[in-house]
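# Working through the structure, step by step
Residue-level listing of the chains:
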Amino acid sequence: MSGWIGWLVPVVVCLALGFGATFYLQRIRLPHEETTLGIAALAGMRWRDFIHLVLAAMNARGYERVFLPHATTGDESDYLLERDGQRWLLSTKHGTAYVLGSSTIAEFAREIRMRSAAGGLMVTPGRFAPEAVNLARTQRIELLDGPALW
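Scope of this entry: the structure provided in the associated data block. (Residues numbered from 1 in each chain as written. Predicted model: local features only at pLDDT ≥ 70, side-chain atom pairs only at ≥ 80, totals over all residues. Heavy atoms only, no water.)

### Quick notes on the overall build of the chain
Each helix and strand counted, the chain has five helices and seven strands in total. The order of α-helices and β-strands along the chain, N terminus first, is α-α-β-β-β-β-α-β-β-α-β-α. At 23 Å, the chain has a C-alpha radius of gyration far larger than the 15 Å of a compact globule built from 150 residues. Along the longest, intermediate and shortest principal axes, the C-alpha atoms of the chain span 90 × 30 × 30 Å. Residues counted as buried form 30% of the 150 residues belonging to the chain. Taking as baseline every contact in the chain between residues at least 6 positions apart, the subset at least 24 positions apart corresponds to 58%. With an accessible surface of roughly 9,700 Å², the chain has 60% of that area assigned to carbon and sulfur atoms. In the chain, 15 positive and 14 negative side-chain charges are present, and the distance between their average locations comes to 2 Å. (Helix = DSSP H or I, 4+ residues; strand = E, 2+ residues; numbered from the N terminus. Rg over C-alpha atoms; globule rule 2.2 N^0.38 Å. Buried < 20%, exposed > 50% of the residue type's maximum accessible area, 1.4 Å probe, protein only. Contact = heavy atoms within 4.5 Å. Areas by Shrake-Rupley, 256 points an atom, 1.4 Å probe, with all protein chains shown as cover. Lys, Arg positive; Asp, Glu negative; His and termini not counted. Charge placed at Lys NZ, Arg CZ, Asp CG, Glu CD.)

### Topic: unusual backbone geometry
For Asp84, which is not glycine, the phi torsion reads 55 degrees and is therefore positive. Residue placement: Asp84 occurs in the loop between strand S2 (78-83) and strand S3 (86-92).

### Some points on the sheet that holds strand S1 (residues 64-65)
Read from one edge to the other, the open sheet built from five strands follows the order S1-S2-S3-S5-S7, with strand pairing classed as mixed. Of all strands in the sheet, those bounded by a partner on one side alone are S1 and strand S7 (141-144). Alignment of strand S5 (residues 119-123) against S7, held across four bridges, turns out to be parallel. Considered in S7, the bridge of Met122 is made with Leu143. Seen against the sheet, helix H2 (residues 47-60) touches S1, S2, S3, S5 and S7 and runs at an angle of roughly 150 degrees to S3. (Pairing = 2+ DSSP bridges. Axes fitted to C-alpha atoms, helices over the stretch in contact; angles between N-to-C directions.)

### Observations concerning the pattern of salt bridges
Here the structure, examined in full by the defined rule, presents five salt bridges. Between Arg29 and Glu33 there is a salt bridge; the shortest N-O distance is 2.9 Å. Here the residue Arg29 and the residue Glu33 both occupy positions in helix H1 (residues 2-44), the gap between them amounting to four residues, near one helical turn. The exposure class of Arg29 is partly exposed, given its relative accessible area of 37%. For Glu33, a relative accessible area of 30% gives the class partly exposed. Linking Glu82 and Arg87 is a salt bridge whose minimum nitrogen-to-oxygen distance equals 3.2 Å. (Salt bridge = Lys/Arg side-chain N within 4 Å of Asp/Glu carboxyl O.)

Taken by themselves, the reported measurements are silent on function.
Next comes the structure, spelled out in structure tokens:
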């Protein structure tokens, strides 16, 4: 009987370590790695493919793209969307090198007002600076950065 007890402790310790390592890898490390690689894949896409993916995601959220017959060909990264009878402006900044600050948000808020939109959506696989996040809340702008976008 003492031989059996002597094996029990090492087996329990090995099982506990195995379960702990499995939990860490599947619940913490793997999602982090998937997000990092997903963001890199988004940033590596051609701009046209990226914007089509973003527009499809916005469409799944209930936004429809609005085509205005008298619109000029200005900034191709801004799109007018409509949801529930309200117009929203979508702006995309492609690339992970971007860390968008409050000046970008203020400029986008001005563009939203000029187009009489209800609010805006700014999308980038990059990041937003903390001050930009605070300013966006006050301007009715939803920010979707790398992790949120993925």
